[in-house]
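Observations on chain architecture
As a plain string of letters, each chain reads:
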Amino acid sequence: MLADETTFARLMAAMQDGDRAAATVLLTEAGVWLERYFRRRVPPGQVDDLVQEVLIALHAKRATWDPARPFLPWLAAIARYRWVDHLRRTYRDAGEELLEDSGASDSDEDVVLARVSLERLFAHLPAGQAEVIALVKIEGLSIEEASARSGQSASLVKVNIHRGLRKLAALVEKAD
Amino acid sequence: MNQSPSRAALIAALAESTVPVRRVRPAEGTALVAAATLAAAAGASAIFAFWSGIATGAASPFFWIVNGLLLLLGAASTTALMAGALPQVGARPNAPLWAVAMLGVLPLAAVIEIVRAPAGDAPAGLADPDALHCLSSSLAAGLVVALAAVLFLRRAAPVALARQAWLTGLAAGSLGALAFGVTCPLDTLAHLGLWHVLPVPLAGLAARAIVPRLIRW
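For clarity, every value in this text was computed on a predicted model and none was experimentally measured. (Residues numbered from 1 in each chain as written. Chains lettered and ligands numbered in written order. Predicted model: local features only at pLDDT ≥ 70, side-chain atom pairs only at ≥ 80, totals over all residues.)

**Describing the overall build of chain A**
This is how the line gets drawn: A run of DSSP states H or I qualifies as a helix once it reaches four residues; a run of E qualifies as a strand once it reaches two. Both are numbered from the N-terminal end. Here exposure depends only on C-beta density: within 10 Å of a residue's C-beta, 20 or more other C-beta atoms make it buried, 12 or fewer make it exposed, and intermediate numbers make it partly exposed, the C-beta atoms being placed from the backbone. Once C-beta atoms have been placed from the backbone, residue pairs whose C-beta atoms lie within 7 Å are recorded as contacts.
Along its length, chain A carries 8 helices and 0 strands. Starting at the N terminus, the α and β elements of chain A follow one another as α-α-α-α-α-α-α-α. Residues classed as buried in chain A amount to 36% of the 176 residues present. For chain A, restricting intrachain contacts to residue pairs at least 6 apart in sequence, the fraction spanning at least 24 positions comes to 64%.

The structure is reproduced here in structure tokens:
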């Protein structure tokens, strides 16, 4: 059974005092909670990596939790920060790849990630940017194929994808 | 429960390295920024000499208005900065935005005063020979405040880096101008409204560009 807020808070206070047994239980339970948190946000293959990243952050920043405040919103804020950082890295890498060419060579994970993360945000992009991001990053077309399909020049396709992904990253980072 | 072997190993290693920690308190950050402001004011006074007109009552009302608004902006942005220094979700205070808007009235008023002055009688404003001195000294004083804020933020765990960077710049710019302001005997609206306010947006822009990479964790 997943630990509740009161249990988390008690364990965290003990961990701040240096209790290693409490730390083990807390990190284990937080791992379960984080798995649920990330399961709806990233592809399954990336969940464990993100959970471990947050556990490291939780441990490193344990002094920043105030026992007068609830624990789970504190943990959720760290989890969201790490998730945004993960998306930012993914989008930045995707943008750099595109400038070098060949969006069709993305791994399956990247495509799934793009599908999960981008579709909900497409409404915030100009139509031209959203269209070519969908063609290249979701359907897996090459720059040339996307150019032929969209009627945009190959250079414009690259620029639109690059700008669109940067804007999406900024949107995610700003969102509460 | 299904836990990957690597995660189990990580948890064991983290638990093993767990030692007592001293809590990070936003009040300590506020005190640090306040101390940095006082240190910057003391340093400015040591270098340029404290303006005695403040103590003797010779300072004009503009002096008190401008520096009062700088103090309010510094307090609002520092409070918001420290509130966002620890991980949290939910609404964030927008008092700094209103304080910036209020401060923004001053340059407008200064420009109006300069434009409407009779020819040959324009107050020291755009061509103010002391402008660069006040601007650069205020920014230098602001750097002391910014360093204190960044040092604290690196101990803490801010999760909205862009916002924290803006707030650092606003606090540094306003408190830096305030700290240097105690040495400046030029108390006209044109001088104060332009050259003691301009450090605020400049520091904000600089901090927005630089601070995120210093406080990312």
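**Considering the overall build of chain B**
A tally of helices and strands in chain B yields 9 helices and 0 strands. The N-to-C order of helical and strand elements in chain B reads α-α-α-α-α-α-α-α-α. Counting across all 217 residues of chain B, residues that qualify as buried make up 44%. Residue pairs in contact within chain B that sit at least 24 positions apart in sequence constitute 87% of those at least 6 positions apart.

**Focus on the packing of helix α4 (residues 61-83) of chain B against helix α7 (residues 161-181) of chain B**
Residue and element names in this part refer to chain B. Where we set the bar: Each axis is a line fitted through C-alpha atoms, and for a helix only the stretch in contact is used; angles between axes span 0 to 180 degrees, taken between their N-to-C directions. Crossings are assigned a handedness: left-handed for a near helix turned anticlockwise from the far helix by less than a right angle, right-handed for a clockwise turn. Note that Gly is not counted as nonpolar here; it falls among the polar residues with everything else outside the nonpolar set of Ala, Val, Leu, Ile, Met, Phe, Trp, Tyr, Cys and Pro and the charged set of Asp, Glu, Lys and Arg.
Remark: α4 packs on α7, axes separated minimally by 8 Å, with the N-to-C direction vectors making an angle of 150°. Where α4 crosses over α7, the handedness of that crossing is left-handed. Within the contact between the two elements, α4 uses Asn-67, Leu-70, Leu-71, Leu-73, Gly-74, Ser-77, Thr-78, Ala-80 and Leu-81 and α7 uses Gln-164, Leu-167, Thr-168, Leu-170, Ala-171, Ser-174, Leu-175, Ala-177, Leu-178 and Gly-181. Tallied by class, the residues present in the contact of α4 with α7 amount to 11 nonpolar, 8 polar and no charged.

**Some remarks on the environment of Ala-75 of chain B**
When you line up the elements, Ala-75 of chain B lands in helix α4. Distance in space between the C-alpha atoms of Ala-75 of chain B and Ser-6 of chain B is 46 Å, their sequence separation being 69 residues.

**Comments concerning the interface of chain A and chain B**
On the side of chain B, 24 residues touch chain A, which itself brings 29 residues to the contact. Every element with two or more residues in the side of chain A that touches chain B is listed here: α1 (5-16), α2 (20-39), α3 (44-60) and α4 (71-100) of chain A. Each residue belonging to the side of chain A that touches chain B can be placed in one class, and the counts come to 13 nonpolar, 8 polar and 8 charged.

**Some points on helix α7 (residues 143-150) of chain A**
All names here are of chain A. Applied cut-off: When we speak of the arc, we mean the arc of directions from the helix axis to the C-beta atoms.
Of the residues making up α7, those classed as buried are Ile-143, Ala-146 and Ser-147. Take α7 and look down its axis: the buried residues cluster within an arc of 105°, on one side only. One or two steps after α7, the chain reaches Gly-151, where phi turns positive at roughly 80°.

**Notes on the environment of Met-82 of chain B**
Residue and element names in this part refer to chain B. Looking at where Met-82 falls in the secondary structure, it is placed in helix α4. On the neighbour-count criterion, Met-82 (25 C-beta atoms within 10 Å) is buried. Along the sequence, Met-82 and Ala-149 sit 67 residues apart, while their C-alpha atoms lie 8.9 Å from each other. Not counting residues within four places of it along the chain, the set of residues in contact with Met-82 comprises Pro-26, Gly-29 and Thr-30.

**A word on the nonpolar core**
Our working rule: Note on terminology: a nonpolar core is a set of buried residues of type Ala, Val, Leu, Ile, Met, Phe, Trp, Tyr or Cys, with members joined through C-beta atoms within 7 Å.
Ranked by size, the top nonpolar core spans 90 residues in total, and within it Leu-55 and Ile-78 of chain A together with Leu-73, Val-145, Ala-149 and Ala-171 of chain B carry the most contacts. Sorting elements by how many residues they give to this core places α7 of chain B first, with 12 residues. In contact with Val-145 of chain B, other than residues within four places in its own chain, are Val-33, Ala-36, Thr-37, Ala-40, Ala-171, Ala-172, Leu-175 and Gly-176 of chain B. In terms of nonpolar packing, the next biggest core, distinct from the first, is built from 14 residues, Ile-133, Val-136, Val-157 and Ala-169 of chain A among them.

**Remarks on the confidence of the model for chain A**
Here is the rule we go by: A score from 0 to 100, pLDDT tells how confident the predictor is in each residue.
Across chain A, the average pLDDT comes to 81, with 80% of residues at 70 or higher. Below a pLDDT of 50 lies the segment residues 98-112 of chain A, which in the model reaches 24 contacts outside its immediate sequence neighbourhood of four places, other chains included.

**Here's the deal with the packing of α3 of chain A against helix α1 (residues 5-16) of chain B**
Defined as follows: Should an angle lie under 35 degrees it is considered roughly parallel, over 145 roughly antiparallel, and from 65 to 115 roughly perpendicular; all remaining angles are considered oblique.
Relative orientation of the contacting elements α3 of chain A and α1 of chain B amounts to 5°, with a least axis distance of 11 Å. In terms of orientation, α3 of chain A and α1 of chain B fall into the roughly parallel class. Residue-level inspection shows Asp-48, Val-51, Gln-52, Leu-55 and His-59 of chain A of α3 of chain A in contact with α1 of chain B, the latter providing Arg-7, Leu-10, Ile-11 and Leu-14 of chain B. Of the residues in the contact of α3 of chain A with α1 of chain B, the class split is 5 nonpolar, 2 polar and 2 charged.

**As for unusual backbone geometry**
Residues and elements named next belong to chain B. Here Ala-49, not a glycine, exhibits a phi torsion of approximately 80°, which is positive. Looking at where Ala-49 falls in the secondary structure, it is placed in the loop between α2 (26-48) and α3 (53-56). Residue classification places Ala-49 among the exposed positions, given that 11 C-beta atoms sit within 10 Å.

**Observations regarding the confidence of the model for chain B**
Reading predicted coordinates in detail is not appropriate for stretches of low pLDDT. Per-residue confidence for chain B gives a mean pLDDT of 91; residues scoring 70 or more make up 95%. Here the predicted complex scores 0.76 on pTM and 0.81 on ipTM.

**Considering helix α9 (residues 199-215) of chain B**
Rules: Here the bend at each residue means the angle between axes fitted to two seven-residue stretches, the one ending at that residue and the one beginning there.
Of all the bends in α9 of chain B, the largest measures some 40° and sits at Arg-208 of chain B, one to four residues before the proline Pro-212 of chain B. Of the residues making up α9 of chain B, those classed as buried are Pro-199, Val-200, Ala-203, Gly-204, Ala-206, Ala-207, Val-211 and Ile-215 of chain B.

**Section: the environment of Arg-166 of chain A**
Residue and element names in this part refer to chain A. Assignment of secondary structure puts Arg-166 in helix α8 (residues 154-174). Since 15 C-beta atoms lie within 10 Å of it, Arg-166 is described here as partly exposed. A C-alpha to C-alpha distance of 8.4 Å links Arg-166 and Arg-88, two positions 78 residues apart in sequence.

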